[in-house]
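# Understanding the architecture of this molecule
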Amino acid sequence: MTDIEIYRLKEVKPLRLEDKLEKAIQLFEDSHYSHFAVVNKGAYEGTVSYEQIEERSDLSTKIGDARSILNPVYVLNTMDWFDVLQVFAMNNCNALPVIDKGKSYLGYYEFEDFLSLFRQTPFLHENGMTLVISKGLNEYSFSEIAQIIESNNATLFWSLCLGC
């Protein structure tokens, strides 16, 4: 069991292709989730958001008949917590389906759980130092700077600023 598997929840059942859009709307209104997984016989088919459904005029349509609203928004059960956090951020969601490599639906992660995990990481609580390095184009390469820093048992987090 990986460290983040303890955060996988199973309380909310996924939608099915046979479910009507009105059921999905009701689920969104009854919960605080931004996205729900859609499955077919336990296999992940996609993820739907409230915005995609509320734009539809005929809510009696089955989800399977409106497959264009399904998006491939999910995380694999083998991903580490930082990668999962990135998927939350990239998709602006507060719930993510968890699937295995065979596309079987395993549950979901809630964003709030990952925020609390992120807040517990040591690098947010340890004293550190920020060093801003500016260099000319023909001076040290970034790989040389990284080697110097890492050879002194420090960690380098960098960003590139063009035109700063």
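These remarks concern the structure in this document. For every chain, the first residue of the written sequence is number 1, and numbering continues from 1 onward in sequence order. Where local features are concerned, this predicted model is filtered to residues with pLDDT of at least 70; where side-chain atom pairs are given and counted, the filter is 80 or more; whole-chain, interface and lining totals use all residues. As a convention, hydrogens and water are excluded, and side-chain values are obtained from all of the structure's heavy atoms.

Another point: the overall build of the protein chain. Labels follow the DSSP assignment, with helices taken as runs of H or I lasting at least four residues and strands as runs of E lasting at least two, numbered in each case from the N terminus. Within the protein chain one finds five helices and six strands. Counting from the amino terminus, the protein chain carries its helices and strands in the arrangement β-α-β-β-α-β-α-β-β-α-α. Throughout this description, buried means an accessible area under 20% of the type-specific maximum (1.4 Å probe, protein chains only), exposed means over 50%, and partly exposed covers the range between. Among the 164 residues that make up the protein chain, the fraction classed as buried is 34%. Contact criterion: two residues are considered in contact whenever any of their non-hydrogen atoms come within 4.5 Å of each other. Of the contacts made within the protein chain by residues no fewer than 6 positions apart, 53% connect residues no fewer than 24 positions apart. All accessible-area figures derive from a Shrake-Rupley calculation using a 1.4 Å probe, and residue coverage is judged against the displayed protein chains alone. Put simply, the protein chain shows about 11100 Å² of open surface, and 51% of that area lies on carbon and sulfur atoms.

Turning to helix α3 (residues 81-91), its buried residues number three or more, namely V84, L85, V87 and F88. In an axial view of α3, the angular spread of the buried residues amounts to 155°, which keeps them on one side of the axis. Turned more than 90 degrees off the buried face of α3, the exposed positions are A89 and M90. Counted as a polar contact is a pair of N or O atoms within 3.5 Å, where, for protein atoms, one must be capable of donating a hydrogen and the other of accepting one, and residues adjacent in sequence contribute only when both atoms are in side chains. N-cap assignment for α3: the residue whose side-chain oxygen lies 2.9 Å from the backbone N of D83 is D80. It is the directions from the helix axis to the C-beta atoms whose arc is reported.

In this section: the side chain of T47. In this fold, T47 is placed in strand β3 (residues 43-49). Those residues in contact with T47 that sit more than four places away from it in its chain are H35, F36, A37, Q52, I69, L70, N71, V73 and P97.

This paragraph deals with the sheet that holds strand β4 (residues 75-76). If you trace the three strands from one edge of the open sheet to the other, you get β4-β5-β6, paired in mixed fashion. The open sheet terminates on both sides in strands that have one partner only, identified here as β4 and β6 (105-110). As a rule, the C-alpha atoms of each element are fitted with a line to give its axis, helices using only the stretch in contact, and angles between N-to-C directions run from 0 to 180 degrees. Where α3 meets the sheet, it contacts β4, β5 (95-99) and β6, and its direction lies at approximately 130° from that of β5. We call two strands paired when DSSP finds no fewer than two bridges between them.

Looking now at the packing of aromatic side chains. Two aromatic rings, drawn from Phe, Tyr or Trp (for Trp, its six-membered ring), form a pair once their centres lie within 6.5 Å of each other, and the interplanar angle then sorts them: stacked below 30 degrees, edge-to-face above 60, tilted otherwise. Inspection of the entire model under this criterion finds six aromatic pairs. Measuring from centroid to centroid gives 5.7 Å for F28 and Y50, while their planes differ by 70°, and the two rings are edge-to-face. Taken as a pair, F28 in helix α1 (residues 21-30) and Y50 in helix α2 (residues 50-54) lie far apart in primary sequence, 22 residues in all. The class for F28 is buried, based on a relative accessible area of 6%.

Let us look at α1. When we look at burial in α1, the residues that qualify are L21, A24, I25 and F28. An end-on view of α1 places all buried positions within 100° of arc, on one side of the element. Those residues of α1 that are buried lie in contact with β1 (15-16), β2 (35-40), β3 and α2.

By size, the foremost hydrophobic cluster in this structure holds 22 residues, and its most contacted members are L15, V38, V48, I53 and I63. Among the secondary structure elements, those contributing two or more residues to this core are α1, β2, β3, β5 and β6. Once residues lying within four places of it in the same chain are set aside, the contact partners of L15 are K23, A24, L27, F36, A37, V38, V39, V48 and I63. Residue types Ala, Val, Leu, Ile, Met, Phe, Trp, Tyr and Cys, when buried and joined through side-chain atoms within 4.5 Å, form a set referred to as a nonpolar core. The next biggest cluster of nonpolar side chains, apart from the first, holds eleven residues, and it includes V87, F88, L96 and Y109.

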